Amino acid sequence: MVKRYPMYVNGQFVPGKSGKWFPVYDPSTEEVIAEVPDSSAEDVDAAVAAARQAFENGPWSKATPQDRGRVLFRLAERVRAEAAALAELESRNCGKPIVESEFDVADVATCFEYYGGLATKVMGQVNPVPANALSLSLREPVGVAGQIIPWNYPLLMAAWKLAPALAAGCTCVLKPAEQTPLTALELAAWFEDAGLPPGTVSVVTGFGETAGAPLVTHPQVNKVAFTGSLEVGKKIARAAADSLKRVTLELGGKSPNIFFADADFEAAIDGALFGVFINQGEVCSAGSRILVERKIYSKFVEAMAAKAKTIRLGPPLERETKMGPLVSREQYDRVISYLEVGKHEAKLCAGGGRPAGFAKGFYVQPTLFCDVENTARIAR
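A few points on the structure. (Residues numbered from 1 in each chain as written. Predicted model: local features only at pLDDT ≥ 70, side-chain atom pairs only at ≥ 80, totals over all residues. Heavy atoms only, no water.)

1. So, the packing of aromatic side chains
The way to describe two aromatic rings as a pair is by their centre distance and the angle between their planes.
Consideration 1: Following the criterion strictly, the structure yields eight aromatic pairs and no others.
Consideration 2: Ring geometry for Tyr-114 and Tyr-115: centres 5.0 Å apart, planes at 85 degrees, overall edge-to-face.
Consideration 3: Residue Tyr-115 is classed as partly exposed on the basis of its relative accessible area, which comes to 23%.
Consideration 4: Ring centres of Phe-358 and Tyr-363 lie 4.3 Å apart, and the angle between their planes is 40 degrees; on these two criteria the pair is classed as tilted.
Consideration 5: Members of the aromatic cluster, connected to one another through ring pairs, are Tyr-8, Phe-13 and Phe-191.
Consideration 6: Cation over ring: Lys-299 sits above Phe-265, and NZ or CZ is 4.4 Å from the ring centre. (Phe/Tyr/Trp six-rings, centres within 6.5 Å; stacked < 30°, edge-to-face > 60°. Buried < 20%, exposed > 50% of the residue type's maximum accessible area, 1.4 Å probe, protein only. Lys NZ or Arg CZ within 6 Å of the ring centre and 35° of its normal.)

Listed below in structure tokens is the structure:
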């Protein structure tokens, strides 16, 4: 049975106003495991209206820092109590190995605890001014925060966006990635019990063009926080400029690791492998370029290739799995296309395509190219 997950708006789980749903997949089997509402600008408008009402007239922005902190502590407790189920759902939805999902869920609880404690540490300051005058600055919540998160760390990204905004007294509309909305919706089921008033947080599912863009441009949204691609980040910055929204962007890169001849060689190899293959390489700071001092280059490449071939691919819920499938067909096709580009630009030293024995699932071998020119497309 495919479970339907309604979205969470103004303290209630509701379908989209259009009545449309879209499928959510298990990337290890390519099977549909859930359906969520295909939200539109009308749904976003309802969520933002609830957030604006909650901010202007509700208790959250006026609550004491101690009370806000206690709510975040209760969320942390609930996450820990439900950690096993959350980690399993995370792995089924995004493909990461269960051991990594367990680490992520533990970090989610820690994140809520951290900002629960920080809620009482938000201070103003006394500003130096001429004699016979007094100037004070106070920090106040900015208002409604629109938050858009990616698919590589679904629940942890939700916590990273929600916890600081809630600690400050803001209200939030969260849009998870369309590929991985399930754990954020599970989290939403506990908001009321934790003490979040209706409208304080809404979770709206949908696609970037039809749900993300209306959230960014909405006139009642004061702050936009986005984690994702460089291209979309640029679009958000341009769109937010029209209303002078505050914007925080965490975007992707082509992050270099640099190794010198005097490095601890075994630690360097393990660090390089971890840096590029953890979470299937789906990390904005993945060490996807490795620069090595010429003196140890050949030895380094040989050791990297040998160890890369030993990384165990497999179903995400098997504890022996070290690398699961990519998150979606779209990502699989994109990665495979770059591997084909790389084969014409450089020397293939390990991997290079779909692993044998995997008829289903978006699996790609751990792949290493060497003798790559810095002008090559795969290097850039």
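2. Some points on the pattern of salt bridges
If charged atoms from side chains of opposite charge come close, those side chains can pair.
Consideration 1: Enumeration over the complete set of coordinates arrives at 17 salt bridges.
Consideration 2: Glu-178 is the partner of Lys-175 in a salt bridge, and the nearest nitrogen-oxygen pair spans 3.8 Å.
Consideration 3: Its salt-bridge partner being Lys-307, residue Glu-266 comes within 3.8 Å of it at the nearest N-O pair. On the criterion of sequence distance, the pair formed by Glu-266 in helix 10 (residues 265-277) and Lys-307 in helix 11 (residues 297-308) is long-range, its members being 41 residues apart.
Consideration 4: A residue is classified by how much of its surface remains accessible, and Glu-266, at 47% relative accessible area, is partly exposed.
Consideration 5: One network of salt bridges, with partners in common, ties together Glu-30, Arg-329 and Asp-333. (Salt bridge = Lys/Arg side-chain N within 4 Å of Asp/Glu carboxyl O. Helix = DSSP H or I, 4+ residues; strand = E, 2+ residues; numbered from the N terminus.)

3. Quick look at the state of the cysteines
A covalent bond between the sulfur atoms of two cysteines is what we call a disulfide.
Consideration 1: A full pass over the atoms with the stated rule returns one disulfide.
Consideration 2: No disulfide involves Cys-172; its sulfur sits 6.5 Å from the nearest other cysteine sulfur, which is in Cys-170.
Consideration 3: Owing to a relative accessible area of 0%, Cys-172 belongs among the buried residues under this scheme.
Consideration 4: Residue Cys-284 stays outside any disulfide, its sulfur separated by 15 Å from that of Cys-94, the closest cysteine. (Disulfide = S-S within 2.5 Å.)

4. Some words on the nonpolar core
Consideration 1: One finds Phe-112, Leu-187, Phe-191 and Val-203 to be the most contacted residues of the largest nonpolar core, which totals 49 residues.
Consideration 2: Ranked by residue count, the leading element in this core is helix 5 (residues 154-168), at ten residues.
Consideration 3: In this structure, Val-203 is in contact with Met-7, Tyr-8, Leu-174, Pro-176, Ala-184, Leu-185, Ala-188 and Phe-191, ignoring residues within four places of it in sequence. (Core = buried A, V, L, I, M, F, W, Y, C linked by side-chain atoms within 4.5 Å. Contact = heavy atoms within 4.5 Å.)

5. Considering helix 1 (residues 41-57)
Consideration 1: For helix 1, with 17 residues, the first-to-last C-alpha span of 24 Å sits near the 24 Å given by 1.5 Å per residue.
Consideration 2: Considered for burial, the residues of helix 1 that qualify are Asp-43, Val-44, Ala-47, Val-48, Ala-50, Ala-51, Arg-52, Ala-54 and Phe-55.
Consideration 3: Where helix 1 is buried, its residues touch strand 2 (7-9), strand 8 (144-148), strand 9 (171-175), strand 10 (201-203) and helix 8 (208-217). (Expected span 1.5 Å × (residues − 1).)

6. Points about the side chain of Thr-321
Consideration 1: Here Thr-321 shows up in the loop between helix 11 and helix 12 (329-345).
Consideration 2: You can call Thr-321 buried: its relative accessible area is 3%.

7. Some words on unusual backbone geometry
Consideration 1: At Glu-30, a residue that is not glycine, the phi angle is positive and equals roughly 65 degrees.
Consideration 2: In this structure, Glu-30 sits in the loop between strand 4 (21-26) and strand 5 (31-37).
Consideration 3: Taking relative accessible area as the criterion, Glu-30 reaches 22% and is therefore assigned partly exposed.
Consideration 4: With phi around 65 degrees, Asn-132 is a residue other than glycine that occupies positive phi space.
Consideration 5: Here Asn-132 lies in the loop between strand 6 (125-127) and strand 7 (135-137).

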